[in-house]
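# Descriptive structure summary
Letter by letter, the chains look like this.
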Amino acid sequence: MATAEQLNCYDFPKGFAWGAATAAYQIEGGWDADGKGLNVWDTFTHQGGDRVFKNQTGDVACGSYTLWEEDLKCIKQLGLTYYRFSISWSRLLPDGTTGFINQKGIDYYNKVINSLLENNIIPVVTLYHFDLPQAVEDQGGWNCEKTIEIFNHYAQFCYETFGDRVKFWITINEPHVVAKLGYEEGLFAPGKKEPGLGAYRAAHNMLKAHAKAWHTYKNDFKNKQKGFVSIAIDSDWAEPYDPNSEKDKEATERYLSFYVGWFAKPIFVDGDYPEIMKTVVSKRSKAQGLQTSRLPEFTNEEKNMIKGTADFFCLNYYTSRKIRHCTSSADESSCTSDIAAERIKDPDWPECGVEWLAVVPWGLRKLLAYIKDTFGNPTIYITENGFAQNESPVIKDVQRWTYFQETLTEILKAIRLDDVDVKGYFCWCLLDNFEWISGFSVRFGLFHVDFDNAELPRTPYHSAIEYSKIVKRNALTGPGETVASLNN
Ligand code: NOJ
């Protein structure tokens, strides 16, 4: 518990990691430069069909492949101690395998990593952030068990190539999003639609791939390289729509189990899916006349392999929902109907530049406490959190800065009042970028990027300037300044 002295002070713990995050496809551009292979987002965006806002693509994006030095300037201007970026798998290994290695890709990431380290910035590297090599997708992608070993080889290659300098690895970013949007609803690349089956199968393979890559590090690299490996898990916070309704409370628990629990329970607790998930999907599968559950099962050996495969918890948090129980007919086969929960945005919650992101900073504190209690009090890094502006962003983004201040206050409360071991915060995103199916219409950057100017100049938003002050003093407020009370 916090002491009275701590409650009056807005310092973050010593050594708190201050970062910003990006992802290769969203910022790099250079989609076919220097021997890069295609990935599923190249294919998806090039197919057009209005699946992406104005049929935009990440072909150029922020041009970070050629403008890395400009990004580095932004990172230094913020004074960050950590920078999270992802490796474009097909830039390194054009067909996804070590059969052909693209030296130009290695050179690029060496340049990024080395220049970060020269500036005392610790690199946090995501191996796979939505951009599966197209050649791997062509062999079945995450629908296929073979991808587990292919991913493991890729991870091994990255540990070998960069692990002398990279000590923080994130295997997969948001497997929940990849599984649901990529392999069930078809809204994201690779655009597969297989309701009721696709997400469960893809998630199953990603969990095994992650676990394998964690063991590879532990067995073959950890002693020498002394780094850490985790996975970035995204989740909403959720509360019952009617706090007095048992049904809504159950639906909320179900919602969280199918969200954060889907990945965190196997990895942090016992190698297996949440009981609620197993029961619900198996019951509904039976009612649909199926012999086996649509949710695949892990063997005991697999459970043992998956359990404990994260050196800390990487959480991506953006928003919250009120949850109301709803009924779904037995013959409806989809992950969403299995959950049988209506997601409601409280009309009192402010919105930002993207429709799904209701602004709920306190939801983060609640989610952190839930993770602490449910998944064995892990050390947590918030590897993504952000607030978007719309197509007409303002440089003086005061509303957004208020959001960040409120969010950081909630994190301090989680640390002080709830004893959650939060060790770092990565703002999403360093730059305005290609926001997947919203294209460039949604701006999450700390730095504005002028996409209409061929030189893609970066300009700090007000939030960037304010964030840099917090980073510098490792405290939310400067002398004499106050924000919301930390008392409750
Ligand atoms: C999480 C994803 O990891 C990132 O790629 C995306 O841009 C943000 N959410 C905002 O939607």
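For the structure itself, look to the data block above.
Everything in this summary refers to the structure shown in the same document. The numbering scheme is per chain: residues are counted from 1 as the chain's sequence reads. It should be noted that, the model being predicted, local features are given only for residues of pLDDT at least 70 and side-chain atom pairs only at 80 or more, the latter also being counted only at that level, while totals for whole chains, interfaces and linings use all residues. No hydrogens and no water enter the side-chain calculation; it runs on all heavy atoms of the structure.

## Concerning the overall build of the protein chain
- A run of H or I in DSSP becomes a helix once it reaches four residues, and a run of E becomes a strand once it reaches two; helices and strands are each numbered from the N terminus. Within the protein chain one finds 19 helices and 13 strands.
- Structurally, the protein chain occupies a C-alpha span of about 65 × 55 × 50 Å along its principal axes.
- Burial here depends on accessible area, computed with a 1.4 Å probe over protein chains only, as a share of the maximum for the residue type. Under 20% is buried, over 50% is exposed, and the range in between is partly exposed. Per-residue burial over the protein chain gives 61% buried out of 488 residues.
- Pairs at least 24 apart in sequence give 76% of the contacts found in the protein chain among residues at least 6 apart.
- Only four residue types enter the charge count, namely Lys and Arg as positive and Asp and Glu as negative; His and the chain termini do not. Positions of charges follow a simple convention, taking NZ of Lys, CZ of Arg, CG of Asp or CD of Glu. Between the centroid of the 52 positive side chains of the protein chain and the centroid of its 65 negative side chains there is a distance of 3 Å. When checking whether two residues touch, look at their non-hydrogen atoms; a contact exists if any pair is within 4.5 Å.

## Here's the deal with the site of the ligand
- To be near a molecule or strand, a residue needs just one of its heavy atoms within 4 Å of it. Taken together, Gln26, His129, Asn173, Glu174, Tyr318, Trp356, Glu384, Trp428, Glu435, Trp436 and Phe444 make up the full set of residues adjacent to the ligand.
- Within the contact set of the ligand, an oxygen atom lies 2.8 Å away from a side-chain nitrogen or oxygen of Trp436.
- Here the Shrake-Rupley method, with its probe set to 1.4 Å, supplies the accessible areas, and only the displayed protein chains count as covering residues. Considered on its own, the ligand offers 300 Å² of accessible surface; in the complex 95% of this is hidden by protein.
- Grid points spaced at 1 Å over the protein atoms alone were grouped into cavities, where a 1.4 Å probe fits but cannot get out, and pockets, open sets with protein on both sides within 12 Å along at least five of seven lines, with lining residues defined by an atom within 4 Å of a point. Being in a pocket or cavity means that more than half of the molecule's atoms lie within 2 Å of its grid points. Judged by the proximity of its atoms to the pocket grid, the ligand belongs to the largest pocket.
- Asp, Glu, Lys and Arg are counted as charged, while Ala, Val, Leu, Ile, Met, Phe, Trp, Tyr, Cys and Pro are counted as nonpolar; the rest, among them Gly, fall into the polar class. Among the residues making up the shell around the ligand, the classes are represented as five nonpolar, three polar and three charged. Polar contact is the term for a pair of N or O atoms within 3.5 Å; when the atoms are in protein, one must be able to donate a hydrogen and the other to accept it, and sequence-neighboring residues count only if both atoms are side-chain atoms.

## Re the pattern of salt bridges
- What makes a salt bridge here is a side-chain nitrogen of Lys or Arg within 4 Å of a carboxyl oxygen of Asp or Glu, nothing more. Tallied over the full model, the rule gives 32 salt bridges.
- With its nearest N and O atoms 3.0 Å apart, the salt bridge here joins Lys208 to Glu302. Taken together, the residues Lys208 in helix H10 (residues 198-220) and Glu302 in helix H15 (residues 300-306) connect sequence positions 94 residues apart.
- We classify Lys208 as buried; its relative accessible area is 5%.
- The salt bridge partner of Lys278 is Asp272, with a shortest N-O separation of 2.6 Å.
- Within the structure, one salt-bridge network assembled from shared partners comprises Asp272, Glu275, Lys278 and Lys303.

## Thoughts on the packing of aromatic side chains
- Centre distance within 6.5 Å is the pairing criterion for rings of Phe, Tyr and Trp, where only the six-membered ring of Trp is used; planes under 30 degrees apart are then read as stacked, over 60 as edge-to-face, and the remainder as tilted. Applying the stated rule across the entire model yields 56 aromatic pairs.
- Relative to Phe44, the ring of Trp41 lies with its centre 5.1 Å away and its plane at 65 degrees, an arrangement referred to as edge-to-face. Of this pair, Trp41 and Phe44 both sit in helix H3 (residues 40-46), three residues apart, which is roughly one turn of that helix. Each member of the pair, Trp41 as well as Phe44, carries the same accessibility label: buried.
- Ring plane angle 40 degrees and centroid distance 5.8 Å describe the contact between Phe168 and Phe312, whose orientation is recorded as tilted. Remark: Phe312 occurs in the loop between H15 and strand S7 (313-316) and Phe168 occurs in strand S4 (residues 168-173); sequence separation between them is 144 residues. Phe312 carries the same exposure label as Phe168, and that label is buried.
- Pairwise contacts between aromatic rings join Tyr25, Trp41, Phe44, Phe130, Phe188, Phe434, Trp436, Phe440 and Phe451 into one cluster.
- Whether a charge sits over a ring depends on NZ of Lys or CZ of Arg being within 6 Å of the ring centre and within 35 degrees of the ring normal. The ring centre of Tyr65 lies 3.9 Å from the NZ or CZ of Arg91, which sits over that ring.

## Focus on the environment of Asn487
- Mapped onto the elements, Asn487 comes out in the segment after helix H19 (462-473).
- For Asn487, a relative accessible area of 49% gives the class partly exposed.
- Along the backbone, Asn487 and Arg416 are 71 residues apart, and their C-alpha atoms lie at a distance of 9.5 Å.

## Side note on the side chain of Ser88
- Assignment of secondary structure puts Ser88 in the loop between strand S2 (82-86) and helix H5 (89-92).
- Accessibility expressed as a relative area gives 2% for Ser88, which makes it buried.
- When neighbours within four sequence positions are excluded, Ser88 is seen to be in contact with Ala24, Glu28, Lys36, Tyr109 and Asp131.

## Thoughts on the layout of surface pockets
- By volume, the largest pocket is sized at about 950 Å³.
- If you trace the largest pocket, you find 36 residues lining it, with Val177, Leu181, Tyr259, Arg343 and Trp356 closest to the centre.
- If you list the elements that add at least two residues to the lining of the largest pocket, you get helix H9 (175-183), helix H12 (246-258), helix H16 (335-339) and strand S9 (341-344).
- Among the elements that make up the lining of the largest pocket, the one with the highest residue count is H9 (four residues).
- Across the lining of the largest pocket, the residue classes tally to 17 nonpolar, nine polar and ten charged. Grid points are joined across faces, edges and corners, and a volume is the space filled by probe spheres set on the points.

## Quick word on helix H14 (residues 275-287)
- Taking 1.5 Å as the rise per residue, H14 with 13 residues should run 18 Å; its terminal C-alpha atoms sit 18 Å apart, in good agreement.
- Three or more residues of H14 are buried, namely Met277, Val280, Val281, Arg284 and Ser285. One side of H14 holds all its buried residues, which, seen down the axis, span an arc of 125 degrees. Residues of H14 that are exposed and point over 90 degrees away from its buried face: Lys283, Lys286 and Ala287.
- On the buried face of H14, the contacting elements are H10, H12, helix H13 (260-270) and H16.
- Just downstream of H14, Gly289 is the residue with a positive phi angle, here 80 degrees. Multiplying one less than the number of residues by 1.5 Å gives the expected span of a helix. Each direction from the helix axis to a C-beta atom contributes to the arc, which is the arc of those directions.

## Some remarks on H10
- Between its first and last C-alpha atoms H10 spans 33 Å; for 23 residues at 1.5 Å apiece the expected length is 33 Å, and the two agree.
- For H10, the buried fraction is high: 17 of the 23 residues fall into the buried class.

## So, unusual backbone geometry
- Each neighbour pair has its own omega, and for Ala189 with Pro190 the value is 5 degrees, a cis peptide bond.
- Summarising the element assignment, Pro190 is placed in the loop between H9 and H10.
- Geometrically, the link from Trp428 to Cys429 is a cis peptide bond, its omega value of 20 degrees lying close to zero.
- Note that Cys429 resides in the loop between strand S11 (422-428) and strand S12 (447-449).
- One non-glycine residue, Asp34, lies in the positive phi region at around 50 degrees.
- Following the sequence through the fold, Asp34 ends up in the loop between helix H2 (24-27) and H3.
- Its identity is not glycine, yet Glu174 carries a phi of approximately 45 degrees, on the positive side.
- Relative to the assigned elements, Glu174 resides in the loop between S4 and H9.

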